[in-house]
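These are the residues of each chain, in order.
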Amino acid sequence: MHIIIVGAGEVGRYLAQILIEERHDVTIVEQDEKVARELDDRLDAQIIRGTGISREALFRAGIRRTDLLLAVTQVDEVNLIAAMTAEKLANNCRTVARVRDPRYLYGTDAIKANEYGVDFLVGPERGVADQVVKLLEYDGPGQISQIADDKLTFLELPVMPHSTLVYATLEELRPELPERSDIVASLGNDGIRLLSGADRFQVGERIFVLCAPEDMKDFLRLTGSDGHHVEKVLLIGGGDIGYHVARALQRRKFDVTVIEKDNERCEQIAVKLRKSTIICGDGTEPSLLSDQMEEGQDAVVVLLEDDEKSLLIGIMSKHLGAKKVVTRVDKREYAPIAHKLGVDALISPRRAVADAILRFVRRGHIDSTTMLGDHQGELIDFRIDKDSKHELTEIPVKQIRLPRDAVIGAIVRDKEILVPRRGDETLRIGDHVFVVALREAVSELESVFA
Amino acid sequence: MRIAQILNPKCVVLDLEGSSKREVLEALAQPLIDLRPDVDRGDLINVLVKREEASSTAIADGIAIPHGKVSLGEEVLAVFGRNSGGLDFGSVDGQPTKLFFLLVSPESHPSLHLRWLAHIASLLKNPEFRNSLLAAETPDEVLSLIDEEERARPEPS
């Protein structure tokens, strides 16, 4: 596929890297000369210097023959115009525009994608806010996400000292874990590892778990990962995400405090968040943070735009005794060190945009995909339908020839969750198969399930 | 879940000795075998030694939780062992091991094993509790310290 990416910021670069690896023909349109030159050296893509709203730049980028245009600059209006222009100039091109301002996405001024001739508008800031709320409601450590319409829970758990995970091997754990749960992979210094029976885990590693939501509590207890219940939450940063998190949390009876630097913004949100405490101050000020920790905050959510500051405040909160720390960090390269220093979960609006776009690009038999670690692996949801290869529904899953670095983690059949530990189950039409795969195995995997 | 249900005061060894892993395991298993003649000594030691060979159950902080399943009716049994100076038990962090919890479960009731293992491991998280165990003078004191620690934490629902 020929793909034009407009804007080579964090989102654009990340998308380019993955799409190039998946052997797409990628052209990037970037305004900043220095960035453009740097990319030219690093990526196997054509780089066009120019803006996405320039017809001339789009022509040079090959808009006539392109299949897909992804407009992902920092500026909403540029993205919208680029996508609309592409729609007019191209012969047969799908378009995606990234939109950050919530006013374009929700409420009376919301833009409808089809009115503008754009195929997909993506602005997952609200989605990220929902994710933070889920992380705080969840009693375990690490990261949680609900997938397959909330029928399946996906956990990324840190292996902690004094948990069953270090005292028992996978072989000992497996028969005793809830039937509808399994540890599917682990993430350590050497990257992602798919597991075999003899594996054991080390403190500091993180494990990936698929389980039925009803079995999660039992799973956490049996692995010694329970007891991270949160009541008092401190939010640092009262921007759009912070505001939405606070609103959702106060509705759910959490005790919420928001620290926001900007006076005007403080007044704005104070009116709307009557049940929360709003502190006008600098959340990066260590004394303010330690005063708050003495007030008994259970969890700290750091939502600063600056990755390094966010990370530092997150680490410091953990050090001051926070039970749970969620930090906004867009550079995934920081993840290993963040986890090592006690940050439970990282959230990244930019990464969320990119992942949403990847899902759009890949749709077909793949229903969704979740990145593992620093995109060293993926959890992919394949839908089995009447167009799927017949043999898939005729043999037990253990006989399906998967790439070496891929395993079937769970099957969602209507409301039922099956964990095929022995692989005796046979797939049926309508099933969703959740496969865990290392990055290298993804394209081969697509041909197995296509 | 209370450790008193599985730990008989006769199974508290305050001066555990042994110059090899096997000897330590034998010394730990002895009170349990004395108490329960139906447990096959050879089987038990074998299971425990094999498990330790696969990977040490001494992880860090001077604690080891050797464990295994044998044919044993329906009960779970534990032995507490201590050597205040510390023994070489091949721990992952290279430090001597001072506190030992031996956990033996029946093969016939698999789900019990992990529940007890999780319970014991989680109690031992607390460094003050570990220090109090190191200072305890009698088996009864060990049991009452454990009881106190269990009461101090919320009962899992």
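Definitions and limits used
- Residues numbered from 1 in each chain as written.
- Chains lettered and ligands numbered in written order.
- Predicted model: local features only at pLDDT ≥ 70, side-chain atom pairs only at ≥ 80, totals over all residues.
- Heavy atoms only, no water.
- Helix = DSSP H or I, 4+ residues; strand = E, 2+ residues; numbered from the N terminus.
- Rg over C-alpha atoms; globule rule 2.2 N^0.38 Å.
- Buried < 20%, exposed > 50% of the residue type's maximum accessible area, 1.4 Å probe, protein only.
- Contact = heavy atoms within 4.5 Å.
- Areas by Shrake-Rupley, 256 points an atom, 1.4 Å probe, with all protein chains shown as cover.
- Lys, Arg positive; Asp, Glu negative; His and termini not counted.
- Charge placed at Lys NZ, Arg CZ, Asp CG, Glu CD.
- 1 Å grid on protein atoms, 1.4 Å probe; cavity = no way out; pocket = protein on both sides within 12 Å on 5 of 7 lines; lining within 4 Å.
- Points joined across faces, edges and corners; volume = space filled by probe spheres on them.
- Nonpolar A, V, L, I, M, F, W, Y, C, P; charged D, E, K, R; others polar.
- Domains from an automatic or database assignment.
- Buried area = accessible area lost by both parts, 1.4 Å probe.
- Salt bridge = Lys/Arg side-chain N within 4 Å of Asp/Glu carboxyl O.
- Polar contact = N/O pair within 3.5 Å; in protein donor to acceptor, adjacent residues only side chain to side chain.
- Pairing = 2+ DSSP bridges.
- Right-handed = clockwise from strand over helix to strand, strands pointing away.
- Patch = residues over 30% accessible without salt bridge, like charges linked within 9 Å, V, L, I, M, F, W, Y side chains within 5 Å.
- Axes fitted to C-alpha atoms, helices over the stretch in contact; angles between N-to-C directions.

(A) Structural context of the overall build of chain B. From N to C terminus, chain B includes 5 helices and 5 strands. N-terminal to C-terminal, the α/β element order of chain B is β-α-α-β-β-β-β-α-α-α. Relative to the compact-globule value of 15 Å for 157 residues, chain B shows a C-alpha radius of gyration of 14 Å, a close match. With respect to the principal axes defined by its C-alpha atoms, chain B has extents near 35 × 35 × 25 Å. Expressed as a percentage of the 157 residues in chain B, the buried residues total 50%. At a minimum sequence separation of 6, the contacts of chain B that also span at least 24 residues come to 68%. Carbon and sulfur atoms provide 49% of the accessible area of chain B, an area that totals close to 7000 Å².

(B) Structural context of the overall build of chain A. Secondary structure summary: chain A contains 16 helices and 22 strands in total. Here chain A has a C-alpha radius of gyration of 23 Å; the compact-globule value for 450 residues is 22 Å, and the two agree. Along the first, second and third principal axes, the C-alpha set of chain A runs to 65 × 65 × 40 Å. By the burial criterion, 57% of the 450 residues in chain A qualify as buried. In chain A, the share of contacts with a sequence separation of at least 24, taken over all contacts with a separation of at least 6, comes to 62%. Treating the 61 positive side-chain charges of chain A as one cloud and the 77 negative ones as another, the clouds have centres 2 Å apart.

(C) A look at the environment of Thr369 of chain A. Residue and element names in this part refer to chain A. Within the secondary structure, Thr369 is located in strand S18 (residues 366-372). A sequence separation of 138 residues divides Thr369 from Glu231, and the C-alpha atoms of the two residues are 32 Å apart. If we ignore the near neighbours within four places in the chain, the residues touching Thr369 are Arg359, Arg362, Glu378, Leu379 and Ile380.

(D) Quick look at the layout of surface pockets. Residues and elements named next belong to chain A. The volume enclosed by the largest pocket comes to roughly 940 Å³. Lining the largest pocket are 36 residues, and of these Gln131, Ser145, Asp355, Arg359 and Thr370 sit closest to its centre. Secondary-structure elements contributing two or more residues to the lining of the largest pocket are helix H6 (125-137), strand S7 (143-147), strand S8 (152-158), strand S17 (345-347), helix H15 (349-362) and S18. For the lining of the largest pocket, the per-class residue count stands at 15 nonpolar, 12 polar and 9 charged. Counting only domains with at least three residues in the lining of the largest pocket, you end up with domain 2 (232-351) and domain 3 (357-449).

(E) Fine view of the domain arrangement of chain A. Taken as a whole, chain A is organised into domain 1 (2-123), domain 2 (232-351) and domain 3 (357-449). Of note, the centres of domain 2 of chain A and domain 3 of chain A, computed from C-alpha atoms alone, are 36 Å apart.

(F) Spotlight on the interface of chain A and chain B. With 17 residues of chain A in contact, the opposing surface of chain B contributes 26 residues. When chain A packs against chain B, the two sides together hide about 1900 Å² of surface, and 56% of this comes from carbon and sulfur. At the junction of chain A and chain B, the tally comes to 3 salt bridges. Here Asp218 of chain A ties to Arg115 of chain B by a salt bridge, and the two come within 3.3 Å at their closest N and O atoms. Taken together, chain A and chain B are joined by 9 residue pairs in polar contact (both at pLDDT 80 or more). Listing elements by their share of the side of chain A that touches chain B, those giving two or more residues are helix H7 (164-167), helix H8 (170-173) and helix H9 (216-222) of chain A. Top contributing element to the side of chain A that touches chain B by residue count: H9 of chain A, with 4 residues. Per-class residue counts for the side of chain A that touches chain B are 6 nonpolar, 5 polar and 6 charged.

(G) Molecular detail of the pattern of salt bridges. Enumeration over the complete set of coordinates arrives at 33 salt bridges over all chains. Between Lys398 of chain A and Asp424 of chain A there is a salt bridge whose closest N-O contact spans 2.8 Å. In this pair, Lys398 of chain A sits in the loop between strand S19 (377-383) and strand S20 (406-413) while Asp424 of chain A sits in the loop between strand S21 (416-418) and strand S22 (432-438), placing the two residues 26 residues apart along the sequence. A residue is classified by how much of its surface remains accessible, and Asp424 of chain A, at 46% relative accessible area, is partly exposed. Here Glu75 of chain B and Arg36 of chain B are joined by a salt bridge, their closest N and O atoms 2.8 Å apart.

(H) Main features of the pairing of strand S2 (residues 25-30) of chain A. Residue and element names in this part refer to chain A. Most of S2 is tucked away, with 5 of its 6 residues classed as buried. With 5 bridges joining them, strand S1 (residues 2-6) and S2 adopt parallel strand pairing. Its bridge partner lying in S2, Ile5 is registered against Ile28. Taken together, S1, helix H1 (residues 10-21) and S2 constitute a β-α-β crossover, and its handedness is right-handed. Note: S2 against strand S3 (residues 46-49), 4 bridges, orientation parallel. If you follow Glu30 over to S3, its bridge partner there is Arg49. Once the chain exits S2 it traverses helix H2 (residues 33-42) before rejoining the sheet at S3, and the crossover so formed is right-handed.

(I) Fine view of the environment of Glu444 of chain A. As for its position among the elements, Glu444 of chain A is in helix H16 (residues 442-449). For the pair Glu444 of chain A and Ala406 of chain A, spaced 38 residues apart in the sequence, the C-alpha separation amounts to 9.8 Å.

(J) Up close: a positive patch on the surface. A grouping of Arg247, Arg251, Lys253, Lys272 and Lys275 of chain A is seen on the molecular surface, where their side chains present a positively charged patch. Relative to the assigned elements, Lys272 of chain A resides in helix H11 (residues 263-272).

(K) Structural detail: the sheet that holds S2 of chain A. Residue and element names in this part refer to chain A. Pairing in this open sheet of 6 strands is parallel, and the strands run S3-S2-S1-S4-S5-S6 from one edge to the other. The open sheet terminates on both sides in strands that have one partner only, identified here as S3 and strand S6 (120-122). When strand polarity is set aside, the average angle formed by the axes of neighbouring strands in this sheet is 15 degrees. Contacting S2 and S3, H2 runs over the sheet at an angle of about 170 degrees to S3.

(L) The arrangement of the side chain of His228 of chain A in detail. Residues and elements named next belong to chain A. Looking at where His228 falls in the secondary structure, it is placed in the loop between H9 and strand S12 (232-236). Using a relative accessible area of 11% as the deciding quantity, one classes His228 as buried. Not counting the four nearest positions on each side in its chain, His228 is found in contact with Tyr138, Asp139, Gly140, Pro141, Met160, Lys323 and Lys324.

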